[in-house]
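What follows is each chain in one-letter form.
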Amino acid sequence: MVFNTKKFIEREKERLRKKVGKEKAIVATSGGVDSTACAMLAHQVLGNKVKVVFIDDGLMRQDEGKSVKALLKKKGINLLILNKQKQFFSALKGLTDPEEKRKAFRDIFYKVLGKAIKDYKARFLIQGTIAADILETKKKIKTQHNVLSQIKINPARYGLEIIEPLKTIYKPQVRLAAKALGLPSQIYKRMPFPGPGLLCRVVDEVTPVRVKIVREATQIVEKYLKALKPFQAFAVLLNDKATGLSKGKRLFGNIIVIRSVESEDALKAKPTEIPYSVLNKIQKELTKTIPSVVKVLYDLTPKPPSTIEYI
């Protein structure tokens, strides 16, 4: 069936208008296409009855909050940045199991938003949950941070009533909707970035130091692979270490994995065919820029059997 973008937007705007009525709402955005499309949709329907918030959890790309704020300002949307890094790292301290980390993130995420709803005297939370998020969580492949009622967790426990305008569509349709809503190509063409952010790319315990390493590595990987226009490309920090050399001396250092895939809807994916010369440039900059890195690997595994993200 052909996706009718205009009809979809008109239908969801009308649903939003009827649901919210004279009440206030909050939209949580991370700067990704899903949540930013929701922010635009809500803003166009609700105007000053909606407050758009960005949670600075310490797990985003470099200066993400600033760039999202600048972009939304051009669209007439004032973004409120909530600095909650301390709370998130405290919640994640000592956790190594992937599902435990995702669930801990989800819990603090909704607690923060529950407080924001209360502070703003709003009734509704509007969020960018899409069909793939619900599918993967229901199948217990991995817990997506923005899925509650679909797995029988009542949002009321966080003081929330949630609206999910995008929950019936997948990434390709979201991109079409985002474009039709007036968002720039830097958003509607943007690579997917997980809601829990760099948590998904740190194997083992998530600490500020380890996140800093993978954030720097991600910037390098994205820079060199931008021209190839992959569906998704990033760096992963493994929990294992390996022996290397630094200034002629032994160094038991970190291992970075380069991950780049081609996909349509994130349900299936195949590895990007990256020229060896490009991989070598990435390796050289990673080991030069991040001295603790002694090995750089490239992940050749498709989805399935692998998932795209590591956690």
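For the structure itself, look to the data block above.
One pass over the full model with this rule turns up 2 cavities of 30 Å³ or more. Roughly 700 Å³ of internal volume is contained in the largest cavity. Along the wall of the largest cavity there are 43 residues; nearest its centre are Asp34, Asp133, Phe193, Pro194 and Gly195. Mapped by element, the contributors of at least two residues to the lining of the largest cavity are helix 2 (33-46), strand 2 (50-56), helix 5 (98-119) and helix 6 (131-138). Residue composition of the lining of the largest cavity, by class: 19 nonpolar, 12 polar and 12 charged. Roughly 40 Å³ of volume is contained in the second largest cavity. Taken together, Phe8, Ile9, Ala37, Cys38, Leu41, Leu166, Ala177 and Leu181 form the lining of the second largest cavity. Mapped onto the lining of the second largest cavity, the elements with two or more residues apiece are helix 1 (5-20) and helix 2. If you tally residues by element for the lining of the second largest cavity, the top one is helix 2, at 3 residues. For the lining of the second largest cavity, a count of residues per class yields 8 nonpolar, no polar and no charged.

So, about the packing of aromatic side chains. Using the criterion set out here, one finds 5 aromatic pairs in the structure. Ring centres 5.1 Å apart and planes at 45 degrees place the aromatic pair phenylalanine 88 and phenylalanine 105 in the tilted group. Placement of the pair is phenylalanine 88 in helix 4 (residues 85-92) and phenylalanine 105 in helix 5, with a sequence separation of 17 residues. For phenylalanine 88, a relative accessible area of 1% corresponds to the buried category. Residues phenylalanine 105 and phenylalanine 109 carry aromatic rings whose centres are separated by 6.0 Å and whose planes lie at 20 degrees to one another, so their mutual orientation is stacked. With phenylalanine 105 and phenylalanine 109 both in helix 5 and 4 residues apart, the pair spans about one turn of that helix. This pair shows no difference in class: phenylalanine 105 is buried, exactly as phenylalanine 109 is.

What counts, and where the lines are drawn
- Residues numbered from 1 in each chain as written.
- Predicted model: local features only at pLDDT ≥ 70, side-chain atom pairs only at ≥ 80, totals over all residues.
- Heavy atoms only, no water.
- 1 Å grid on protein atoms, 1.4 Å probe; cavity = no way out; pocket = protein on both sides within 12 Å on 5 of 7 lines; lining within 4 Å.
- Points joined across faces, edges and corners; volume = space filled by probe spheres on them.
- Helix = DSSP H or I, 4+ residues; strand = E, 2+ residues; numbered from the N terminus.
- Nonpolar A, V, L, I, M, F, W, Y, C, P; charged D, E, K, R; others polar.
- Phe/Tyr/Trp six-rings, centres within 6.5 Å; stacked < 30°, edge-to-face > 60°.
- Buried < 20%, exposed > 50% of the residue type's maximum accessible area, 1.4 Å probe, protein only.

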